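A structural walkthrough
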Amino acid sequence: MTGWSRRRLLGAALVAATAPLAVGPLASKARAAGEWPFRRGVNAWPWFALTREFPAPRTDYDWPPFQSQRPVPTPADLARLRASGLDFIRLPVDPGPFLAADAGRLADLMAMLSAAVKSALAAGLGVIVNVQANGATHYWNPERMVSSTGAPEFARYRVFVAELAGMLKDIEPGRVALEPVNEPPQDCSSEAWPKVQAALLRAARDSARDLPIVVTGGCGSMVRGLTALDPAPLAVFEPILFTFHFYEPYLFSHQGAPWMREPVYRALNNVPWPASAGTLEQTLASVRARMAKDTERSDESKKAAYAETEKVLKVYFDAQPGRGFIDGYLAQVSEWADGHRIVPGRIIMGEFGALRTDARYTAAPNPDRARYIADVRQSAEAAGFPWAFWDLFDGMGMMDDTTRALDPAMVEALGLTMPRA
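Residues numbered from 1 in each chain as written. Predicted model: local features only at pLDDT ≥ 70, side-chain atom pairs only at ≥ 80, totals over all residues. Heavy atoms only, no water.

**A closer look at the overall build of the chain**
Inclusion rule: Secondary structure follows DSSP: runs of H or I at least 4 residues long count as helices, runs of E at least 2 residues long count as strands, and numbering of each begins at the N terminus. The globule rule is 2.2 Å times the number of residues to the power 0.38, and the radius of gyration it is compared with is taken over C-alpha atoms. Any residue under 20% of the maximum accessible area for its type is buried, any over 50% is exposed, and the rest in between are partly exposed; the area is computed with a 1.4 Å probe on protein chains only. Contact between two residues is taken to exist if any of their heavy atoms lie within 4.5 Å; hydrogens are not considered. With residues, only the protein chains shown are counted as cover, and all accessible areas are computed by Shrake-Rupley using a 1.4 Å probe. Only four residue types enter the charge count, namely Lys and Arg as positive and Asp and Glu as negative; His and the chain termini do not. In this description, the location of a charge corresponds to atom NZ of lysine, CZ of arginine, CG of aspartate or CD of glutamate.
Along the chain, the regular secondary structure elements total 15 helices and ten strands. The C-alpha radius of gyration of the chain comes to 21 Å, within 12% of the 22 Å expected for a compact globule of 421 residues. Counting only C-alpha atoms and orienting by the principal axes, one finds that the chain spans roughly 60 × 50 × 50 Å. Counting the 421 residues in the chain, one finds 56% classified as buried. Once local pairs closer than 6 in sequence are excluded, the contacts in the chain between residues at least 24 apart make up 76%. Carbon and sulfur atoms make up 53% of the accessible area of the chain, which totals about 17,300 Å². Across the chain, the 45 positively charged side chains and the 46 negatively charged ones have centroids separated by 2 Å.

As structure tokens, then:
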């Protein structure tokens with residue numbers, strides 16, 4: 001996710017293509033005061049993810065479509081999250097099962113989602129529902145749904161966004177928001193993303209006049225995607241919030257991540273945070289030890305991966321990233337906000353986190369991970385940006401999948417309080 005150029009994505013043509021909408025008094029009041037019920041949150045993946053799709057050529061899902069063994073927060077879990085000091089959840093929803101379902105099962109799925117939203121609200125948590133397509137799915141993936149307005153399943157996706165907005169609008173207005181797309185796949189020079197976003201915003205707004213909608217830039221919602229976004233044409237869709245994701249530097253946050261395509265990540269581990277907490281030699285020794293245990297790759301491929309790893313780690317240690325590195329990145333968002341007169345409280349850092357070392361993953365040393373999380377969180381708060389930690393469960397989580405115990409180190413790093421048992 002590097003190499004995207006910056007440019008303004010939305011132009012005057014979008015203004016001409018959309019008619020202004022009247023904004024209701026509830027949204028106007030919140031927008032004018034800069035007050036939104038989203039300050040400190042956590043992503044609640046995989047509540048509506050980890051699906052049971054049938055292999056190609058089928059395009060449907062088993063029923064129920066979500067894996068039964070996936071961790072799902074209970075009402076007690078949600079209450080503890082609220083007691084810790086969190087005030088909202090970002091709820092990723094895989095659209096595939098909804099788009100593939102017949103009318104009866106779609107109604108059942110919408111009822112399940114509505115019940116989940118209401119359970120979070122009952123615990124005192126606001127909710128941002130994020131439509132998050134699964135790139136690993138063979139059919140209902142971002143390419144087929146949101147790569148352009150001409151994508152094979154874009155029309156159906158747009159209808160789903162409208163239906164979802166219509167369902168959410170009457171559930172405790174002011175405490176629920178909709179984020180139509182997660183991490184747009186288009187790069188910053190693409191002309192497709194602004195058209196896709198405009199069409200989805202129109203669909204949502206036609207169904208729900210006052211429902212807050214979360215908008216984003218291209219480039220996978222990275223900082224450079226947001227700073228390339230011209231927010232002026234989006235005013236017709238108010239009330240809106242903005243979002244970006246932050247995982248920089250990836251060499252730290254994604255070390256050891258098996259899903260990363262670049263060969264350096266597989267054996268990467270023991271990368272310190274800040275960089276001054278360790279040395280290049282110590283990290284390379286850990287990489288060599290990890291590679292020695294890898295029996296799936298050939299010696300030739302490991303040699304090539306090690307050479308590339310050595311090169312990128314030298315850059316990392318020469319740069320000596322720490323809190324100042326994060327402040328510099330987020331300053332770009334602040335400058336963009338100041339230039340467009342957008343209050344920081346409307347700009348949500350919707351994802352940030354780092355893979356942990358546990359029984360499944362060999363990644364960042366856990367004390368370094370905690371320092372990184374604390375630095376990112378504190379930098380966002382200093383800039384006035386709300387945030388949502390990635391994730392509640394799994395390898396980047398703050399809660400054990402089985403025992404449901406909160407990780408004290410993550411609670412402290414996030415500036416929260418361990419709730420009473």
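**Description of the side chain of Lys302**
The condition that has to hold: Each salt bridge in this description consists of a side-chain nitrogen of Lys or Arg and a carboxyl oxygen of Asp or Glu lying within 4 Å of one another.
Along the chain, the position of Lys302 falls in helix H12 (residues 299-319). Despite being buried, Lys302 has no salt bridge partner; Asp299 is the closest side chain of opposite charge, sitting 4.0 Å away.

**Digging into the packing of aromatic side chains**
Where we set the bar: In summary, the pairing rule links any two rings of Phe, Tyr or Trp, Trp by its six-membered ring, whose centres are within 6.5 Å, and it sorts them by plane angle into stacked for under 30 degrees, edge-to-face for over 60 and tilted for everything else. Only when the NZ of Lys or the CZ of Arg is both within 6 Å of the ring centre and within 35 degrees of the ring normal is a charge said to sit over the ring.
All chains considered together, the criterion is met by 17 aromatic pairs. Measuring from centroid to centroid gives 5.4 Å for Phe242 and Trp336, while their planes differ by 80 degrees, and the two rings are edge-to-face. Separated by 94 residues along the polypeptide, Phe242 in strand E8 (residues 240-246) and Trp336 in helix H13 (residues 323-339) bring together distant segments of the chain. Overall, the relative accessible area of 2% leaves Phe242 in the buried class. Ring centres of Trp273 and Tyr372 lie 5.2 Å apart, and the angle between their planes is 85 degrees; on these two criteria the pair is classed as edge-to-face. Taken together, the residues Trp273 in the loop between helix H10 (250-253) and helix H11 (280-292) and Tyr372 in helix H14 (residues 366-383) connect sequence positions 99 residues apart. Taken as a pair, Trp273 and Tyr372 share a single burial class, namely buried. Ring pairing ties together the aromatic residues Trp47, Phe48 and Phe66, which thus form one cluster. Lying across the ring of Phe54, Arg58 places its NZ or CZ 3.7 Å from the centre.

**Describing the nonpolar core**
Applied cut-off: Residues belong to a common nonpolar core when they are buried Ala, Val, Leu, Ile, Met, Phe, Trp, Tyr or Cys residues joined through side-chain atoms within 4.5 Å.
In terms of nonpolar packing, the biggest core is built from 122 residues, with Leu91, Phe98 and Met398 touching the most fellow members. Phe38, Ile128, Ile348 and Ala388 belong to the second largest nonpolar core, which has nine residues in total.

**Things to note about H14**
Just so we agree on the cut-off: To estimate the expected span of a helix, subtract one from its residue number and multiply by 1.5 Å.
Across its 18 residues, H14 extends 26 Å between first and last C-alpha, which sits within 8% of the 26 Å expected from 1.5 Å per residue. Residues Asp368, Arg369, Ala370, Tyr372, Ile373, Ala374, Asp375, Val376, Arg377, Ser379 and Ala380 constitute the buried set of H14. Each element contacted by the buried residues of H14 is listed here: E8, H10, H13, strand E9 (347-352), strand E10 (387-389) and helix H15 (408-413). One or two steps after H14, the chain reaches Gly384, where phi turns positive at roughly 90 degrees.

**Considerations on H11**
Which entries qualify depends on this criterion: As used here, the arc is the angular range of directions from the helix axis to the C-beta atoms.
With 13 residues, H11 ought to run about 18 Å at 1.5 Å a step, and its terminal C-alpha atoms sit 18 Å apart, in line with that. All buried positions along H11 are accounted for by Leu280, Thr283, Leu284, Ser286, Val287 and Met291. Angular distribution of buried residues about the axis of H11 spans 160 degrees; they occupy a single face of the element. Structural note: H11 exposes Glu281 and Ala292 on the side pointing more than 90 degrees away from its buried face. Tucked inside the fold, the buried residues of H11 contact H12.

**Points about the pattern of salt bridges**
Counted according to the given criterion, the structure contains 22 salt bridges. A salt bridge links Glu172 to Arg175, with the nearest nitrogen and oxygen atoms 2.4 Å apart. Judged by relative accessible area, which is 36%, Glu172 ranks as partly exposed. For Arg175, a relative accessible area of 24% puts it in the partly exposed group. In this structure, Asp368 and Arg371 form a salt bridge, with 3.0 Å as the shortest nitrogen-oxygen distance. Residue Asp368 and its partner Arg371 are located together in helix H14, separated by three residues, close to a single helical turn. Under the relative-accessibility criterion, Asp368 is labelled buried at 9%.

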